[in-house]
Amino acid sequence: MAAASCLLTEDQFLCSICLDVFTDPVAIPCGHNFCKTCITKHWDINVQCQCPNCKKVFATRPELHVNTFISEMAAQFRQSAQQKASSSSSSSSSSSEQQVSKPGEVPCDACTGTKLKALKSCLVCLESYCETHLEPHLTRSGLKKHQLIDPVENLEGRMCLKHDKLLELFCKTDQMCVCMLCTYSDHKTHDVVPLKEEYEGKKAELETEIQQMIQKRRLKIEEIKHSVELSEEDADREIADGVQVFTALKESVERSQAELMDTIKEKQRKTEKQAEGFIKELEQEISELKKRSTELEQLSHSEDHLHLLQSSVCLNTAPPTKDWTEVSVRPPSYEGTVRRAVSQLEETLSKQMKKLFEVKLKRVQQSAVDVTLDPDTAHPKLILSGDGKQVKLGDVWKNVPDNPERFDFHGNVLAKQSFSSGRFYYEVQVKGKTEWNLGVARESINRKGRIPANPQNGFWLLSLRNENEYYARAGPDIRLPLESRPEKVGVFVDYEEGLVSFYDVDAAALIYSFTGCSFTEKLYPYLSPCTNNDGKNSAPLIISPVSYTK
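In this report, the structure presented in the accompanying data block is examined. (Residues numbered from 1 in each chain as written. Predicted model: local features only at pLDDT ≥ 70, side-chain atom pairs only at ≥ 80, totals over all residues. Heavy atoms only, no water.)

## Points about the packing of aromatic side chains
Thought 1: Across all of its chains, the model carries 9 aromatic pairs by this definition.
Thought 2: Their ring planes at 80° and their centres at 6.0 Å tell us that F278 and W324 sit as a pair that is edge-to-face. Separated by 46 residues along the polypeptide, F278 in helix α7 (residues 195-300) and W324 in the loop between α8 (305-316) and α9 (335-365) bring together distant segments of the chain. For the pair F278 and W324, a shared accessibility class is recorded, and that class is buried.
Thought 3: Among the aromatic side chains, those forming a connected cluster through ring pairs are W460, Y495 and F519. (Phe/Tyr/Trp six-rings, centres within 6.5 Å; stacked < 30°, edge-to-face > 60°. Helix = DSSP H or I, 4+ residues; strand = E, 2+ residues; numbered from the N terminus. Buried < 20%, exposed > 50% of the residue type's maximum accessible area, 1.4 Å probe, protein only.)

See the structure below:
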């Protein structure tokens, strides 16, 4: 065996993962060999069972068996290498100088004078040894049984302070390292295991924990990537919608501008044509008058007075000239033209904004959730439908438990569902009511006594009062001038964005948005039908199924 191993090179006994001589070598189906521990850890870390050398992927994880032949060959090679290292321990002064202990390195305890770098520490001798002084532990049968580890400082810290014995056991009861004598005294009845066993268990536990942490972070990476993809899709849609709106507006502006210019130019042409007609007529009269002036000049040189008088009669009976006193050319007014062009632009903008809100509403409706009312939170006078979708105020105070979740002053009720991340949307029919409150509330709101409804107290609400007075309960309230009375109101929440928006569903119009909110706990849909107002407000609030088309 030794002769055979001498024919092999060192590279043939090295694991390509740890780059050290094989320990418990195993062969995988593609024919490559690795340390059993190395390939096992490699496959635990990586998702696919793949050969690190040839990259061949295995559908199922191969069963590993130690190759005894290669194991024996590796052992022979390791022993041969140790013997060679032992025989060459008397190295030259230059190589010894390279092994001199440096700051931060463990020095050899056996060296006198210049301390060389320790290669191993002995847990039995409690000393660290350089290459030369380690030789006895590698060659003498008695010392071979000692436990060698990579060099460490403070070996005394591995001794029991009470019994001056090696800490080679672990007390699971007290979670501390103990020596053998400790198990006969302070830790006599405790659960004690060998240090190596606890190490292996803790190592496996930590490896599992690390793998779980790695997996969680990989999942978080996928989640973040998915969020970026969704963000890109939203951005593309917003850009497309914006381009569509501004293209339509640009075309409308260009068209209105062209029409405005044509109208103004046409008015100017009519003015010029009118002026040209007046000028032409005036020039004709001037020509006629000049002709008469010439004739009169000729008569004035005649000494025949009778002829002059007879000719002047003919001149006086000629067609009278036009009276131009009231005639004028007034510049046309363009004010109405510009106003009409601007009005058309406003109409186009209004149509485009309506389309934009329709698209926006369809998008938020895609976050629709199923909402049912929670009877354990309802005020004792509220009447809930069996399916939890309707609520109205009754006349009788019901005998219900006064649990901490229940409202006891205001006629409020919360949904069973809560939300602490993402987006959600629900719709409520408010047709036929003169008063109501809608929105969301945080979990920790005070439900007993009079509570001002505002964001500072955990409420984000929209309210109706006196049939047509709408308010955002922003603390103080904000009056909202709405063009039409909503019959169905949509409530949308983006938890991370800190946004609560209210929509008129039928008009596809945004009513109001709370922005810049900071949510740190669960949010619940909130409804309040308010007082009956002598029967005028007896209609229920109805949670409606959300209907939309993509």
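## Structural notes on the sheet that holds strand β16 (residues 459-465)
Thought 1: Pairing within the open sheet is antiparallel, and its 6 strands lie in the order β13-β22-β15-β16-β17-β18. What marks the edges here is a single partner per strand, and that holds for β13 (413-414) and β18 (478-480).
Thought 2: By the bridge criterion, 2 bridges tie β13 to strand β22 (residues 523-528) in an arrangement that is antiparallel. Note that in β22 the partner of L414 across the bridge is Y526. (Pairing = 2+ DSSP bridges.)

## A short note on helix α2 (residues 36-45)
Thought 1: For α2, the full list of buried residues reads C38, I39 and W43. Seen end-on, α2 carries its buried residues on one side only, within an arc spanning 125°.
Thought 2: On the buried face of α2, the contacting elements are β1 (25-27), β2 (33-35), β3 (49-50) and β4 (57-58). (Arc of directions from axis to C-beta. Contact = heavy atoms within 4.5 Å.)

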